[in-house]
2 protein chains.
Amino acid sequence: MRSVAKGAAGRTARLCRPEYPAIAPLAAPPAAPRGAVPAGAVSDRALPLNEILIGDTIAQMAALPAGSVDLVFADPPYNLQLGGELKRPDESRVDAVDDHWDQFESFAAYDAFTRAWLLAARRALKPNGTMFVIGSYHNIFRVGALMQDLGFWILNDIVWRKANPMPNFRGRRFTNAHETLIWAARSADSKYTFNYEALKAGNEDVQVRSDWLFPLCTGQERLKDEKGRKLHPTQKPEALLARVLLSSTKPGDVVLDPFFGSGTTGAVAKRLRRSFIGIEREETYAEAARARIAAVEPLPEEALVAPPSAREAPRVAFSALVERGFVTPGAELTDAKGRFRAVVRADGTISLADSPNVGSIHRVGALAQGAEACNGWTFWHVEEEGRRHPIDILRARLRAEMGIAAE
Amino acid sequence: MRSVAKGAAGRTARLCRPEYPAIAPLAAPPAAPRGAVPAGAVSDRALPLNEILIGDTIAQMAALPAGSVDLVFADPPYNLQLGGELKRPDESRVDAVDDHWDQFESFAAYDAFTRAWLLAARRALKPNGTMFVIGSYHNIFRVGALMQDLGFWILNDIVWRKANPMPNFRGRRFTNAHETLIWAARSADSKYTFNYEALKAGNEDVQVRSDWLFPLCTGQERLKDEKGRKLHPTQKPEALLARVLLSSTKPGDVVLDPFFGSGTTGAVAKRLRRSFIGIEREETYAEAARARIAAVEPLPEEALVAPPSAREAPRVAFSALVERGFVTPGAELTDAKGRFRAVVRADGTISLADSPNVGSIHRVGALAQGAEACNGWTFWHVEEEGRRHPIDILRARLRAEMGIAAE
DNA sequence: TGAACGGATGAATCCTACA
DNA sequence: ATGTAGGATTCATCCGTTC
C-alpha cells in the first residue's frame, strides 16, 4: 500500500506534462471521447501518461482512475514448468526463462494472481475499451477462462506464428512455433474500436486473419545489457505491438501495459502517437525502457491520420512492408519520373502530396494520374541511395525474407 | 443409467468381430503393446472396436474398460447455447444467455459437462495414451484449463489454419481463420507415441510445427443429406484427422471419438488401419457415418510401415562390434578432425591417448572434449582406406548382418 | 567489397532402457 | 521406485571473421 500511495503522489506533479506531445486531435477529439461513460465510473484525476510506474502491478492499477484507458496490452508471466536444463544437440545450453517472477506454486496460485490482475485491468478500462493478453499453452487457457468468467467478451483469439521459432531439440513434440493472443472487449456490449478498413487496405485489400506471421525479436531490435546479453528474456517484436495498436486504437488513445518489461508497448505507442502507462516491478527493466522510449521519434501526424470511412473504400496494399520496416511511415513515394509525390502512413495507406487524398497505393496512384485504375506496386517508387525503385521490389524483399514460412 | 447398461449389453455380442480386419502386426505387435499397464486398471473385456455406440457419451465412456484406448480425439460442442446436454449438475436446464449471471451459469454448466466427459475420457485412456481436443475461442480455454486441472499434461497446442475460412461479414473483428487443438498426455510421466521421424520425413525433412494449414471440409468430401444440404454442421477435414492419427498412433492402435458426428475419425482410422470406437447421440449421424466408413478401403499395409527410427532401433553395444570383428582391439579411433585419439580395448571400452582415462565410447568422448555428454557413435571415427568414417556405420553394418536394419 | 563460413541463440513444461 | 548410463536430437536468423 505504501508504494501505491507514494507512486500516486509522486505522479501527480508530472501528470500535466507528458514526456512528448500528445496527439493532435486529428481523427478523434482527445477529451471524453469514444462513447458515453457512466457517470461516476471515471475519475477526473489525470493519468500518469507516458510514464513507467514501479511496483506491484495490481496495486498500481488499483491506484489508477477507473474507466480511464482505451486498451490494455498484457504480457503476464507464463508459469512455465521446466524440468532440468535443456541442451541442444551440440551440447550448448538453452537459456530458459527460469526467472523467479515466472514461478508459481500451483495452478491455484497462478489463477488467483491472474484473476486479481485481470480484475484490476478491467476496472481501469473504459467501458468501450479492449484488452490483448498474450500467452502460451502453459497459461493461456487459464487466462482465457478467467477472462470469460470476469465478464470480458472475447472478440478473437489470435495466433502469432513465429517465423523463426526455437526448434524442438529432442524430437518429442511438434515445434512450439506460435503464441496466442486473446483480444477481448470489457463486456459484451462494448462499442469497441476496430480499424477494419485500414487493416484491410494494408493487407492487399483482404481482411486480416486471426493468424499473424512475425519473426522473433532478435538482432538490433533486441535490447542488450552491458555484457551484451539479452536484457529481458521475453521481449516482444515491435511489429506485433504495431499491429495490436493499429487495429484497436486511435491516435491519442491511452494504452496500459501492466507487465511493461523492456517497454516495447511504450516504444510502439510513442511511435504511433498513442499514450502509454507502463507498470513494471523491476527498476532495471524500467530504466532501460525509459532510455529506449526516449530515443523513439513519433511518426509524422500525416502518417497516422485516421483512415477514410468505409464509404470511401480505400484500396491499399502494403501495411506488411510498413509493419516490418521495409518502408518507414512518413517516407516519400514518387512515380518513376518524380512528377507525383505521396507520403506513407503507418497503417499502409498513403496520402498524395498537396492534396487531401488518402488511400491505397493503387487508388492514390490512379488519382494522381487522373486514371481509373493503377497498379500501385509498379507506379510508386522509393528512392534508395539515389536510385528510384518500384515499391514492388520491397515486397519481393519481404517475401524473400519470409521464405517458405509465408507459404 | 438405463442407456448405459443397454449400450454395454448390446455391444458385447459383437465385440469379437470388428467390421474390418485389425491391423497386421507390421511395426508393433497388436496384443498388450505399449508399455506396462498397472494391474487391475485394465479390464480384460474386449472393446467394441470399429463400432458406433449410440447414446450419452459420458455414460458410454464409463461403460468402456478403463485404460483401454491409445488415443482420444474429441470435437466437443463449442456453443454454450447448444441446450440439450447443457444442464446444471442438478439436471435443471440453463436459461438463455442474456446477462452476466446467466452467462456465468452457462459457463458453469459447460464446465460441469466438460469436466465430466474429460474425466470419462481420461479413464478410458491407457496410461501412455494421449488426447486431442479441438475447439474455438468460445470453448477451448475452458477445456484447456480443465484438462490441466484433471492431470492431463499438455504437449502442444496446435493451430489449424484454415486455408479458406469464412470471411467476417460485419467487419468488426479479425477473420476467425483458425481453430485450436490441444494435444495432451494422460499424465506428465506418460511415455506417449510421437512419430517424429515419419512426420519430419514427410515435411521436407524439417520438423513439423504447431501451426498446420488445411482447407475446410468442402466439395465431394462433405457429406450431404438427401436434400443436398450439409449433413453435419462441423464435419472436419480428413487431412486434419490423418495428421492427428499419423503423429500420435501406430497401426492397430485404438482411437476413441466421444463426439463421433459424421465419422471422420472412423473413416480416417480405417483408412490408416487403426481401430476406432465412436460414440454419437444421434442415430441419424451414426447411420451416415456407418455408410461412409463402410466405403473406405484401408491403405495397403506397405503404405503404413513406419520409416526406420534410430530411437526404436535395437541397441547394439560397442563391445558387440569388437566381439564380431567389426573393430579390432588395438585399433585407433579419432574424432572427425583427428584432434583426439583413443585405442579400442578387447572388452569394448576405449582408452584415451596420453591419459589414464578408460571407459565407454560415450564417456571417453565426453572426457576428451571436456563436455558433459557425448554420442560416441558419431564422435569417434575409424580410418578405412584412407577415409574417416564415424563408428556408427560399423554399427549399421552389424545391424544389417543381423537382419534387423530393415526395420 | 563481397561471398563463405562458423558460432550463437530464441517464453521449452524436450529421453529411456536397464540395473 | 530410483539411479545410472547409453545415446539421440535443431531451424531460422543474425553477426563476426575469414578468404
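Structure: above.
None of the values given here were measured: they were computed from a predicted structure.

### A closer look at the sheet that holds strand β6 (residues 211-214) of chain A
Residue and element names in this part refer to chain A.
For step 1, the next point in the chain: Spatial strand order, β1-β8-β7-β2-β3-β5-β4-β6: 8 strands in an open sheet with mixed pairing. Two strands in the sheet have a free side with no partner beyond their single neighbour: β1 (51-54) and β6. The sheet shows a mean angle of 20° between the axes of neighbouring strands, direction not considered.
For step 2, the next point in the chain: Taken together, the 4 bridges between β1 and strand β8 (residues 275-280) define a ladder with parallel strand orientation.

### Describing the interface of chain A and chain B
How big an interface is tends to be expressed through the accessible area that disappears when the partners come together.
For step 1, the next point in the chain: Listed per partner, the contact involves 52 residues of chain A and 51 residues of chain B.
For step 2, the next point in the chain: Across the chain A to chain B interface the summed buried area is about 4,900 Å²; carbon plus sulfur atoms make up 49%.
For step 3, the next point in the chain: The largest contributions to the chain A side of the interface with chain B come from Phe141, Arg172 and Phe174 of chain A, which together make up 18% of the buried area.
For step 4, the next point in the chain: At the boundary of chain A with chain B, the tally comes to 5 salt bridges.
For step 5, the next point in the chain: Between lysine 87 of chain A and glutamate 372 of chain B there is a salt bridge whose closest N-O contact spans 3.2 Å.
For step 6, the next point in the chain: Secondary-structure elements contributing two or more residues to the side of chain A that touches chain B are α3 (107-124), α4 (140-149), β4 (153-162), β5 (178-185), α5 (196-201) and β6 of chain A.
For step 7, the next point in the chain: At 9 residues, β4 of chain A tops the list of elements feeding residues into the side of chain A that touches chain B.

### Examining the nonpolar core
For step 1, the next point in the chain: Counting 69 residues, the largest nonpolar core has Trp117 and Met131 of chain A together with Trp117 and Met131 of chain B as the members making the most contacts within it.
For step 2, the next point in the chain: Beyond its immediate stretch of four places on either side in the chain, methionine 131 of chain A contacts Leu71, Val72, Trp117, Leu118, Ala121, Leu125, Met147, Phe152, Ile182, Trp183 and Ala184 of chain A.
For step 3, the next point in the chain: In this structure, Phe132, Leu231, Val296 and Ala303 of chain A belong to the second largest nonpolar core, which totals 48 residues.

### Brief notes about the pairing of strand β4 (residues 153-162) of chain B
All names here are of chain B.
For step 1, the next point in the chain: With 9 of 10 residues buried, β4 is to be regarded as a mostly interior element.
For step 2, the next point in the chain: The pairing of β4 with strand β5 (residues 178-185) spans 8 bridges and is classified as antiparallel. Bridge pairing in β5 places isoleucine 158 opposite leucine 181.

### Here we look at the protein's contact with DNA strand C
All names here are of chain A.
For step 1, the next point in the chain: Among the 40 residues in the neighbourhood of DNA strand C, the closest are listed as Arg88, Tyr137, Met166, Arg170 and Arg222.
For step 2, the next point in the chain: Protein-proximal atoms of DNA strand C, defined as those within 4 Å of the protein, fall in sugar or phosphate at a share of 45%.
For step 3, the next point in the chain: Glycine 84 is positioned such that a nitrogen or oxygen atom in its backbone is 3.3 Å from a base nitrogen of DNA strand C.

### Considerations on the pairing of strand β7 (residues 254-257) of chain B
Residue and element names in this part refer to chain B.
For step 1, the next point in the chain: The alternating pattern of β7 places Val254 and Leu256 and Val255 and Asp257 on opposite faces, both of which are buried.
For step 2, the next point in the chain: Pairing of strand β2 (residues 69-74) with β7, which is carried by 2 bridges, proceeds in the parallel orientation. Note on β7: the bridge partner recorded for leucine 71 is valine 255.
For step 3, the next point in the chain: Remark: the β7/helix α7 (residues 264-271)/strand β8 (residues 275-280) crossover connection has right-handed handedness.

### Points about the protein's contact with DNA strand D
For step 1, the next point in the chain: Looking at DNA strand D, there are 29 residues lining it, with Tyr196, Lys200, Gln207, His362 and Arg395 of chain B nearest.
For step 2, the next point in the chain: Here the atoms of DNA strand D within 4 Å of the protein split so that 59% fall in sugar or phosphate, with bases taking the remainder.
For step 3, the next point in the chain: Between DNA strand D and the protein, one listed contact pairs a phosphate oxygen with a side-chain N or O atom of glutamine 220 of chain A at 3.1 Å.
For step 4, the next point in the chain: Tryptophan 377 of chain B has a polar side-chain atom sitting 3.1 Å from a phosphate oxygen of DNA strand D.
For step 5, the next point in the chain: Here the surface near DNA strand D takes 3 residues from helix α5 (residues 196-201) of chain B, the largest share from any one element.
For step 6, the next point in the chain: Class assignment for the residues of the surface near DNA strand D results in 12 nonpolar, 9 polar and 8 charged.

So, how was this worked out
Residues numbered from 1 in each chain as written. Chains lettered and ligands numbered in written order. Predicted model: local features only at pLDDT ≥ 70, side-chain atom pairs only at ≥ 80, totals over all residues. Heavy atoms only, no water. Pairing = 2+ DSSP bridges. Helix = DSSP H or I, 4+ residues; strand = E, 2+ residues; numbered from the N terminus. Axes fitted to C-alpha atoms, helices over the stretch in contact; angles between N-to-C directions. Contact = heavy atoms within 4.5 Å. Buried area = accessible area lost by both parts, 1.4 Å probe. Salt bridge = Lys/Arg side-chain N within 4 Å of Asp/Glu carboxyl O. Core = buried A, V, L, I, M, F, W, Y, C linked by side-chain atoms within 4.5 Å. Buried < 20%, exposed > 50% of the residue type's maximum accessible area, 1.4 Å probe, protein only. Near = heavy atom within 4 Å. Polar contact = N/O pair within 3.5 Å; in protein donor to acceptor, adjacent residues only side chain to side chain. Right-handed = clockwise from strand over helix to strand, strands pointing away. Nonpolar A, V, L, I, M, F, W, Y, C, P; charged D, E, K, R; others polar.

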